[in-house]
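Examination of the molecular architecture
Read off the chains here:
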Amino acid sequence: MELFNKSSSRWALPVILVCFFIVLLSNNGVLASHKVFIHLQDSSAVNVKTVGRTGYHFQPPKHWINDPNAPMYFNGYYHLFYQYNPNGSVWGNIVWAHSVSKDLINWINLEPAIYPSKPFDKYGTWSGSATILPGNKPIILYTGIVDANKTQVQNYAVPANLSDPYLREWIKPDNNPLIVPDISINKTQFRDPTTAWMGKDGHWRIIIGSLRKKRGLAIMYRSKDFMRWIKAKHPLHSTANTGNWECPDFFPVSLQGTNGLDKYDENSKYALKNSMDLTRFEYYTVGTYDIKKDRYIPDNTSVDSWKGLRLDYGNFYASKSFYDPSKNRRVTWGWANESDIMPDDDIEKGWAGIQLIPRKLWLDPSGKQLVQWPVEELETLRKQKVQLSNKKLNKGEMVEVQGITPAQADVEVTFSFASLDKAEPFDPSWADLYAQDVCAIKGSTVEGGLGPFGLATLASQNLEEYTPVFFRVFKAQQNYKVLMCSDATRSTLKYNETMYKPSFAGYVDVDLVDKKLSLRSLIDNSVVESFGAGGKTCITSRVYPTLAINDKAHLFAFNNGTEPITIETLDAWSMGNAKIE
């Protein structure tokens, strides 16, 4: 591997003076997944453009995808169901596409498992979950749309042949729907049933996302036999002024270690995750579950609102987790839509949406947050490896990582610094801002004290385009605040007034006693998934470079702070393509 320094003048591109702006929380800058374009939803792809298509993230050969549905492990195979338009590259005609895998990375595509065909789902088969019933029998719960007014009900489907290792065919019995909205429920905002769990009383429980006025709801239902469901008197949990809750997920997490749990009891901590329809971000809290009262109570360390924790601070939505008994882990899966957001762009490409890399998920030892890390199977795609160690970067310096394929790579780096003395003061006026607002003000080229430093991914040779993933350290009144950013504002020269190029960011709850920060970035042509401090803060960006594509992409490590930074270790691999048959 060859590495060489770039002078500070090379990095010193003109700095754009960024004025503070309010983030448009109404839709996170992207169109909602259920936005209907009747005249476009049957526009089948004529040519599928390869530029920007991912190499190791899951996406079908063409057309629109969104939410991963009902992931499960059954008899040696992982099953991925997902929302898919077989007829075009915008949302519409949604069916449950189905793929199977032995390793969560390489997939075999099958025929759709569920599609509109009965009165109880004539107008749509939307998201849901899988449960393994006693006797090793899988069952799917999903939301059906029964009329043109989008009335939503909850249905079930079962495999036609349990001896088929792929579970290719699914049956929707005629006693559907199992659950219909009563008069107290908004029938057009009543969807996405969770995986079921059994209480000590022997009754099954699920939650369904909804809202009442502006209050987000996790409505609970109970059943003795999985067929007759009764709504509980109160939700499992609700939160004022958060809007409709989509794709809720509720699961136990171990107080020790990284193993997953499948048993719901009072001896565990719990996480409640919801996809917020208004913001298009996902939020979660950590708390306790009162099994007798069927109430979830967030800990006082978990902010229960839009200011709370997110599974991912970027382009990540509609995630679904499952317990993997083969490796005793909990795995979560998210969807990333396109950020060029106009339907004409997607029709021109012939495809839209990807499933992100499955992540192992567990509770941080502090008990305050979840930690995520790409599943270990991803490492089987690692090819050429390059390494760097003990490389010092002074202010304005950068180093190029050569010897790999920067457009499709896996990079792990640990940065260290000798002192915290140059950390910038944290402006008290930022306390009420979202982290991405601060990142927009303090971008990767704005000189700081301790930072910004990190990786410039999907960069063109002369840095006309690049997507930096970086840290800045601030000194607050009582402690230090670590900001992690994935900034797409300079990711492409493509001009499109609707292009969404945000400064995604989150704070990293990390002890800087060892004066080190680690970063892992999965770079895959049009997506950069980044994991800070071992997976405490995760950020996904979708980007569309015009120069930094294929073998014209570059990867740099940089420091734009006055405090020297040392790259203690950097390991980078070219990544092979996943097999999707």
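Residues numbered from 1 in each chain as written. Predicted model: local features only at pLDDT ≥ 70, side-chain atom pairs only at ≥ 80, totals over all residues. Heavy atoms only, no water.

Spelled out, the test is: UniProt positions are given in the numbering used here, feature names are shortened, and annotations may be inferred rather than shown by experiment.
The chain appears in an unreviewed UniProt entry as Beta-fructofuranosidase, insoluble isoenzyme 1 from Nicotiana attenuata. Recorded in UniProt for the chain, the comment headed Subunit (unreviewed entry) runs: "May be present in two forms, a 70 kDa monomer and a heterodimer of the 30 kDa and 38 kDa subunits. The ratio of the levels of the two forms within cells appears to be regulated developmentally." As its UniProt record puts it under Sequence similarities (unreviewed entry), the chain is described as follows: "Belongs to the glycosyl hydrolase 32 family."

**Considering the packing of aromatic side chains**
Threshold: Any two of the Phe, Tyr and Trp rings considered here, Trp counted by its six-membered ring, make a pair once their centres fall within 6.5 Å; the pair's planes then place it as stacked at under 30 degrees, edge-to-face at over 60, or tilted in between. Numbering of helices and strands runs from the N terminus, with a helix taken as a DSSP run of H or I at least four residues long and a strand as a DSSP run of E at least two residues long. A 1.4 Å probe rolled over the protein chains alone gives each residue an accessible area, and that area as a share of the maximum for its type sets the label: buried under 20%, exposed over 50%, partly exposed in between.
Inspection of every chain in the model, using the stated rule, returns 35 aromatic pairs. Taking the centre distance of 5.9 Å and the plane angle of 75 degrees together, the rings of Phe58 and Trp107 count as edge-to-face. In this pair, Phe58 sits in the loop between α1 (8–11) and β2 (63–74) while Trp107 sits in the loop between β4 (95–101) and β5 (108–114), placing the two residues 49 residues apart along the sequence. As far as the burial class goes, Phe58 and Trp107 line up, both buried. A ring pair is formed by Tyr264 and Tyr270, whose centres lie 5.9 Å apart and whose planes are at 45 degrees; its orientation type is tilted.

**Quick word on the domain arrangement of the chain**
For the record, the criterion: Residue ranges for the domains originate in an automatic or database domain assignment. By definition, the buried area sums, over both parts, the 1.4 Å-probe accessible area that each loses when the two are put together. Counted as salt bridges are all cases of a side-chain nitrogen of Lys or Arg within 4 Å of a carboxyl oxygen of Asp or Glu. Residues adjacent in sequence count toward polar contacts only when both atoms are side-chain atoms; beyond that, a polar contact is any pair of N or O atoms within 3.5 Å, and within protein one must be able to donate a hydrogen and the other to accept it.
Domain boundaries assigned for the chain yield domain 1 (67–374) and domain 2 (382–575). Domain 1 and domain 2 are separated by 32 Å when their C-alpha centres are compared. Across the domain 1 to domain 2 interface the summed buried area is about 2500 Å²; carbon plus sulfur atoms make up 53%. Broken down residue by residue, the surface that domain 1 buries against domain 2 is led by Tyr313, Ser339 and Trp373, which jointly contribute 25%. At the surface where domain 1 touches domain 2, the tally comes to three salt bridges. The salt bridge partner of Arg359 is Glu529, with a shortest N-O separation of 2.9 Å. Counting every contact that joins domain 1 to domain 2 gives 14 residue pairs in polar contact (both at pLDDT 80 or more).

**Section: the side chain of Ser101**
In this fold, Ser101 is placed in strand β4. When its relative accessible area of 2% is taken as the criterion, Ser101 is described as buried. A polar contact of 2.9 Å, which involves the side chain of Ser101, links it to the backbone nitrogen of Asp103.

**Here we look at the nonpolar core**
Put simply, the rule is: For this analysis, a nonpolar core means a set of buried residues of the types Ala, Val, Leu, Ile, Met, Phe, Trp, Tyr and Cys, connected via side-chain atoms within 4.5 Å. Only heavy atoms matter for contacts: two residues are in contact if any of them lie within 4.5 Å across the pair.
Core analysis: the biggest nonpolar cluster contains 75 residues, and Phe250, Leu370, Ile567 and Leu570 have the highest contact counts within it. Broken down by element, the residue count for this core peaks at five residues, all from strand β18 (residues 281–290). When residues of this core are assigned to domains, at least three fall in each of domain 1 (67–374) and domain 2 (382–575). Aside from chain neighbours lying at most four places away, what touches Leu570 is Val386, Gln387, Leu388, Val401, Val411, Glu412, Val413 and Leu455. In this structure, Phe58, Leu80, Trp107 and Ala578 belong to the second largest nonpolar core, which totals 24 residues.

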